[in-house]
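Residue-level listing of the chains:
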Amino acid sequence: MDTPARRPSSELGAPPARKGWRRFSRRLRTSFGLYGGASLIVGYLSIIVLIPIAAVAAHGFSFSIHTQGWGAAFWHWHLSAGFGIFWHDITQPAAISAIRLSLWLSLSVAAINAVMGVAIAWVLVRDQFPGKWFLEAFIDLPFALPTIVVGVVLLFLYGTASPIKVDLFETWMGLLVALLFVTLPFSVRAVQPVLASLDGESEAAAKSLGAGGIRTFLWVVLPSLWPAVLGGFGLAFARAIGEFGSISLIAGGIGRTTTASSYIYNLTQGFLWTNAAAVSTALLVLSLLILITTNVFARRIQRRLAS
Amino acid sequence: MNHTTRKWSLRLVVILYLGLLVGLPVGYLFIKAFSNGFHAFWIEVTKPDAIAALKLSAEVALIAVPVNTVVGIGAALILARRKFFGSRALTLAFDIPVAVSPIIIGVALVLAYSRIGWFGGWLISHGIQILFSPIGIVLATMAVSLPYVLRSVLPVLIEVGKDQEDAARTLGAGAFRTFWQVTLPAIRWGVLYGVTLTIARTLGEFGAVLVVSGNITGKTQTLPIYIYDAWDQNYDTVGAFAGALVLASISIVALIILSTLRARERKLHVDLA
Amino acid sequence: MSISLSHLTKRYGDDAVVDDVNVEIPEGSLTAVLGPSGSGKSTLLKLIAGLEIPDEGRVVIEGDDVTDVDPRHRDIGFCFQHYAPFRHMNVARNIGFGLRVRKQPKDVIDAKVAELIELVRLEGKSKSYPAQLSGGERQRMALARALAIEPRVLLLDEPFGALDAQVRAELRQWVKELHRQIKVTTILVTHDQDEAMEVADQLLIMHEGRIEQAGEPTELYERPATEFVHEFLGPTTIFKGASIRPHDLELVRSSEGAMEGTVQSIMELGFEVQVTVALSDGSTPWVQMSRNEFRAFEVATNSPISVRERVAK
């Protein structure tokens, strides 16, 4: 048996670490990497998103902080009328009709695209025919195109000088088409991967038990798709209710087709910032509510499916 | 109704819906472009105001895209590799810009940083003006294009796992070397995907920028605002159309890059939401 | 002692995954850490490598307390369960990574990489990428990458877990041979007792975060300290109320010093035959014997037969 020759201690030693320092420095670096990095990110996030959103909500309730310069560090908190003003701003007839228009348009658009999204996803996943890749490319187009481009094109196509003689200028139909266009990818892409991941075994089982195609779809496929469909619905709704660019042109300038976003924009043009903040707050709460509700429902269904 | 008719009718419905809703407008845009002729298009996009808008859009993208890329990768690394209190809240916070109307983002920035906003007095006394200035445009653009790199990189980072990084560490590599030579190459397609989305979103952003920019021709007009202005204020349909064509072409190139990347890496999904 | 662990403890929340482990691993040994999944063996390996930070206890490698040393300064070769190849580097660059980190001159790196490629029998694959390699080749590349830095200790996490049976058997022999050549202190983690018994010269049995027993394989097999070790290291059966290895039982015709019963079932597994006997006391031990032994008895199901403990010859 050969003797276990001790490998000569090589010159390949690891990069040196100083001894007494190392426990401290290791702990320091581990936590610095995390907390240092995280606080930089949270700081950036606060500056560009969190603080501004907080400012909207605060202004909405006319709750403002006046800073009298950092040197004096004098903060003057000023709470005036609060909820009363907020309520007054969002119950203006024009504000109410704008929010109502946005609400029902967004719900309809999300619902229509939820149905069409399932149909489109089904064809994209299960059907095979030449030119399918072309349809696939269509799905992402509305997301990639800047909203103002969509607005311009739709106005060309469906405006007063429509080449196909479909004049939707200043009508809710025009808004509906624009919103269907921009929310399409959300509805399809939410469902498509889930449908693709269904293995088809339960479907085959249902068919072997004598269920027809439609019955199999309704009883076997659709229940597993519900969470995804709901998720897509929530996203499409949130996108639709906040949408501005694609509808700003076709909506024209009349009250009947002023959505919540356009209404807020009009207020800013008149420098009515407090009113704009109030309506923004209402809209924020509304879209977050829908997003959270659909999320909660989707999760509940998911959990039932998983168990 | 038998199986074949059902299949064909579904196929037909889907093709019709997509064709009418998406194909018709987009097709029309390009057909109209060719019928106008290249010369007319060229005259429009070389007008000084159009060039100024194009330049401002490019400058804004040059600031917003790198910053959001660094922040996105950093956030993805922390969220994928560390567990800490509030990580879920951080993920949610990153999603705010896609869940909220761009108009509201614009209003929010004004109410925080303009003369009438929380920090306006201090900022203006230090010579920083946000409203009606390129700084405001950059801030608005950074806000709306924030989530895309994170959303593209995070799933890839989780999928790739921590083992390669651990292996590099046991072999003696420090944090920087590990990141540049091991982590970044492993997630490069995800990063590229996110950057492409960010660029597309940055160049196309309209609502938030419109609110903060004040829409001063030649000064605070990005390309989307130039298009809007050409149409809405100047009734210059040809100019609006030419600008739209430039933006549409950029986004279609972006789309081609995205689908090529997706075909390459099945891990990449369109994380729109 | 090459590695000594004292009071090593790692908790996730309230669960101690590694619980007060005290162990000495001899210089130049090939030690297998054996335990069921979830016994904390992989975590133990990561604690030694520094990839996990212990809550309590010390890790000492060659007399050097490395508990607070970053993994990059520990001089350890670690092979991951799924090999963790750098996918965007070819085989040669993967193997040379640690040497490049140590700022070795290019010709030294090239020579060392070539030597290692020969050692792990990957000749002709140096320009291939991990995706183009088979599982076994990837495993050997990962081993070469770990060996390139001339580690003080080599740690292998489930090294054969992801391979199919035949490649697995070959690689076990190869690793054993490799260890005989280079004599670097090696710890491998496995849940497969056959693998551990075959490859290792030292065994550490882990159970619920604790070391149940440590020592040489035959010693543990013959003198298990706990019931867990006894049952984990090989098949057991109950005879006269006690747990015993089925190959320590034998069938006999005469009932002298044996328990009577009838054959309940016979399972022929090639060379090995397992006979389950229903005894008069209601127990049903099974007896393991060779095919030739079995032939001598000419028993069938329901034949009367007796069972006794095998007498050492």
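Rules of the game
- Residues numbered from 1 in each chain as written.
- Chains lettered and ligands numbered in written order.
- Predicted model: local features only at pLDDT ≥ 70, side-chain atom pairs only at ≥ 80, totals over all residues.
- Heavy atoms only, no water.
- Helix = DSSP H or I, 4+ residues; strand = E, 2+ residues; numbered from the N terminus.
- Buried < 20%, exposed > 50% of the residue type's maximum accessible area, 1.4 Å probe, protein only.
- Contact = heavy atoms within 4.5 Å.
- Areas by Shrake-Rupley, 256 points an atom, 1.4 Å probe, with all protein chains shown as cover.
- pLDDT = per-residue confidence, 0-100.
- Buried area = accessible area lost by both parts, 1.4 Å probe.
- Salt bridge = Lys/Arg side-chain N within 4 Å of Asp/Glu carboxyl O.
- Polar contact = N/O pair within 3.5 Å; in protein donor to acceptor, adjacent residues only side chain to side chain.
- Pairing = 2+ DSSP bridges.
- Axes fitted to C-alpha atoms, helices over the stretch in contact; angles between N-to-C directions.
- Parallel < 35°, antiparallel > 145°, perpendicular 65-115°, else oblique.
- Left-handed = near helix turned anticlockwise from the far one by under 90°.
- Nonpolar A, V, L, I, M, F, W, Y, C, P; charged D, E, K, R; others polar.
- Phe/Tyr/Trp six-rings, centres within 6.5 Å; stacked < 30°, edge-to-face > 60°.
- Lys NZ or Arg CZ within 6 Å of the ring centre and 35° of its normal.
- Expected span 1.5 Å × (residues − 1).
- Right-handed = clockwise from strand over helix to strand, strands pointing away.
- Patch = residues over 30% accessible without salt bridge, like charges linked within 9 Å, V, L, I, M, F, W, Y side chains within 5 Å.
- Bend = angle between axes of the 7 residues up to and from the residue.
- Lys, Arg positive; Asp, Glu negative; His and termini not counted.
- Charge placed at Lys NZ, Arg CZ, Asp CG, Glu CD.

**A short note on the overall build of chain A**
Then, number 1: When helices and strands are counted, chain A shows 11 helices and two strands.
Then, number 2: Each helix (α) and strand (β) of chain A, taken in turn from the N terminus, gives the series α-β-β-α-α-α-α-α-α-α-α-α-α.
Then, number 3: When the 307 residues of chain A are sorted by exposure, 50% land in the buried category.
Then, number 4: Long-range pairs, those at least 24 residues apart, make up 70% of the contacts in chain A between residues at least 6 apart in sequence.
Then, number 5: In the form shown here, chain A has an accessible surface area of approximately 14,800 Å², with 68% of it arising from carbon and sulfur atoms.

**Considering the confidence of the model for chain A**
Residue and element names in this part refer to chain A.
Then, number 1: On average, residues of chain A score 79 in pLDDT, and 81% of them are at 70 or above.
Then, number 2: When mean pLDDT is compared element by element in chain A, helix H3 (residues 93-126) scores highest at 92, while strand S2 (residues 75-79) scores lowest at 39.
Then, number 3: In this model, residues 1-10 is a region of pLDDT below 50 whose contacts with residues beyond four sequence positions or in other chains number nine contacts.
Then, number 4: Note on residues 64-81: pLDDT is under 50 here. Beyond four places in sequence and across chains, it has 31 contacts.

**A word on the interface of chain C and chain B**
Then, number 1: In this complex, chain C contributes 22 residues to the contact, which on the side of chain B involves 16 residues.
Then, number 2: For the chain C face of the interface with chain B, the top three residues by lost area are Arg72, His88 and Phe97 of chain C, together amounting to 29%.
Then, number 3: Inspection of the region where chain C meets chain B yields one salt bridge.
Then, number 4: When the shortest N-O distance is used, the salt bridge between Arg169 of chain B and Asp70 of chain C registers 3.6 Å.
Then, number 5: Taken together, chain C and chain B are joined by four residue pairs in polar contact (both at pLDDT 80 or more).
Then, number 6: Counting residues per element, the ones that place at least two in the side of chain C that touches chain B are strand S6 (76-79), helix H2 (91-101) and helix H4 (135-147) of chain C.
Then, number 7: Ranked by residues supplied to the side of chain C that touches chain B, first place goes to H2 of chain C with four residues.

**A few points about the sheet that holds strand S17 (residues 304-309) of chain C**
Backbone hydrogen bonds hold the strands of a sheet together, and the pairing may be parallel or antiparallel.
All names here are of chain C.
Then, number 1: Read across the sheet, five strands follow the order S13-S17-S14-S15-S16 without closing on themselves; strand pairing throughout is antiparallel. One side of each edge strand has no neighbouring strand; the edge strands of this open sheet are strand S13 (249-252) and strand S16 (286-290). Neighbour to neighbour, the strand axes of the sheet diverge by 45° on average, direction disregarded.
Then, number 2: Taken together, the eight bridges between strand S14 (residues 259-269) and strand S15 (residues 272-279) define a ladder with antiparallel strand orientation.

**Observations concerning the interface of chain B and chain A**
Then, number 1: At the junction of the two partners, chain B supplies 81 residues and chain A supplies 93 residues.
Then, number 2: On the surface where chain B and chain A come into contact, there are one salt bridge.
Then, number 3: Residue Arg11 of chain B pairs with Asp127 of chain A through a salt bridge whose shortest N-O separation is 2.6 Å.
Then, number 4: Among the elements that make up the side of chain B that touches chain A, the one with the highest residue count is helix H1 (residues 3-36) of chain B (19 residues).

**Notes on the packing of helix H10 (residues 175-204) of chain B against H2 of chain C**
Then, number 1: Interhelical geometry of H10 of chain B versus H2 of chain C gives an angle of 155° and a closest axis separation of 13 Å. The angle between the axes of H10 of chain B and H2 of chain C places the two elements in the roughly antiparallel class. In the packing of H10 of chain B onto H2 of chain C, the handedness of the crossing is right-handed. On H2 of chain C, the residues that touch Arg177, Gln181 and Val182 of chain B of H10 of chain B are Phe97, Arg100 and Val101 of chain C.
Then, number 2: Across the contact of H10 of chain B with H2 of chain C, the residue classes break down as three nonpolar, one polar and two charged.

**As for the packing of aromatic side chains**
Then, number 1: All chains considered together, the criterion is met by 18 aromatic pairs over all chains.
Then, number 2: For the ring pair Phe143 of chain A and Phe186 of chain A, a centre distance of 6.4 Å and an interplane angle of 80° mean the geometry is edge-to-face. Of this pair, Phe143 of chain A sits in helix H4 (residues 132-144) while Phe186 of chain A sits in helix H6 (residues 172-197); the two residues are 43 residues apart in sequence, bridging distant segments of the chain. For the pair Phe143 of chain A and Phe186 of chain A, one class covers both residues: buried.
Then, number 3: Between Phe78 of chain C and Phe80 of chain C, the aromatic rings sit 4.6 Å apart at their centres with planes inclined by 45°, giving tilted as the arrangement.
Then, number 4: Taken together through their ring pairs, the aromatic side chains of Phe244 and Tyr265 of chain A together with Phe206 and Tyr228 of chain B make up a single cluster.
Then, number 5: For the cation-ring pair, Arg126 of chain A lies above Trp122 of chain A, with the distance from its terminal atom to the ring centre recorded as 4.9 Å.

**Looking at the environment of Pro193 of chain A**
Then, number 1: Among the secondary structure elements, Pro193 of chain A is positioned in helix H6.
Then, number 2: Counting along the chain gives 89 residues from Pro193 of chain A to Trp104 of chain A, while the straight-line C-alpha distance between them is 29 Å.

**Some thoughts on helix H8 (residues 147-160) of chain B**
Then, number 1: In this model, H8 of chain B (14 residues) spans 20 Å end to end at C-alpha, consistent with the 20 Å of a helix rising 1.5 Å per residue.
Then, number 2: Taking burial as the measure, the 14 residues of H8 of chain B include 10 buried ones, the bulk of the element.
Then, number 3: Among all positions of H8 of chain B, only Pro147, Tyr148, Val149, Leu150, Arg151, Ser152, Val153, Leu154, Val156 and Leu157 of chain B are buried.
Then, number 4: Where H8 of chain B is buried, its residues contact H4 of chain A together with helix H3 (48-81), helix H4 (87-99), helix H7 (134-144) and H10 of chain B.
Then, number 5: Once H8 of chain B finishes, Gly161 of chain B follows within two positions and takes phi at roughly 85°, a positive value.

**Here's the deal with unusual backbone geometry**
Then, number 1: One non-glycine residue, Glu170 of chain A, lies in positive phi territory at about 60°.
Then, number 2: Glu170 of chain A sits in the partly exposed class, given a relative accessible area of 22%.
Then, number 3: Despite not being glycine, Asn302 of chain C shows a phi value in the positive range, around 75°.
Then, number 4: The residue Asn302 of chain C is located in the loop between helix H9 (291-297) and S17 in this model.
Then, number 5: With relative accessibility at 59%, the residue Asn302 of chain C sits in the exposed group.

**Re the sheet that holds S6 of chain C**
Residues and elements named next belong to chain C.
Then, number 1: Read from one edge of the open sheet, six strands run S6-S7-S8-S3-S9-S10, paired in mixed fashion. Bordering the open sheet on either side are S6 and strand S10 (210-215), each of which pairs with just one other strand. The average angle at which neighbouring strand axes cross in this sheet is 15°, direction not considered.
Then, number 2: Alignment of strand S3 (residues 30-34) against strand S9 (residues 202-207), held across four bridges, turns out to be parallel.

**Re the pairing of strand S8 (residues 185-190) of chain C**
Residues and elements named next belong to chain C.
Then, number 1: Counting buried residues in S8 gives six out of six residues, a clear majority hidden from the surface.
Then, number 2: The side-chain alternation of S8 yields two buried faces, one formed by Thr185, Ile187 and Val189 and the other by Thr186, Leu188 and Thr190.
Then, number 3: Where S3 lies against S8, five bridges are found, and the strand directions are parallel. Within S8, the residue paired with Val33 across the bridge is Val189.
Then, number 4: In the sheet, strand S7 (residues 153-157) pairs with S8 via five bridges, with the strands oriented parallel. Note that in S8 the partner of Leu156 across the bridge is Leu188.
Then, number 5: Read from S7 through helix H5 (residues 165-182) to S8, the crossover connection turns out right-handed.

**What about the confidence of the model for chain B?**
Then, number 1: Here chain B shows a mean pLDDT of 86. Residues at 70 or above account for 95%.
Then, number 2: In this model residues 269-273 of chain B is a low-confidence stretch, pLDDT under 50, and it forms 19 contacts with partners more than four residues away in sequence or in other chains.

**Notes on a nonpolar patch on the surface**
Residue and element names in this part refer to chain A.
Then, number 1: Together, Trp104, Trp172 and Met173 give the surface a local cluster of nonpolar side chains, amounting to about 300 Å² of exposed area.
Then, number 2: Positionally, Trp172 belongs in helix H6.
Then, number 3: On the basis of relative accessible area, Trp172 is assigned to the partly exposed category, the value being 41%.

**Let's talk about H10 of chain B**
Then, number 1: In a regular helix each residue adds 1.5 Å, so 30 residues correspond to 44 Å; H10 of chain B covers only 36 Å between its end C-alpha atoms and thus falls short of that length.
Then, number 2: Along H10 of chain B, the sharpest kink reaches roughly 60°, centred on Arg188 of chain B.

**Some details on a positive patch on the surface**
Then, number 1: A surface patch of positive charge is lined by Arg299, Arg300 and Arg303 of chain A together with Arg88 of chain B.
Then, number 2: As for its position among the elements, Arg88 of chain B is in helix H4.

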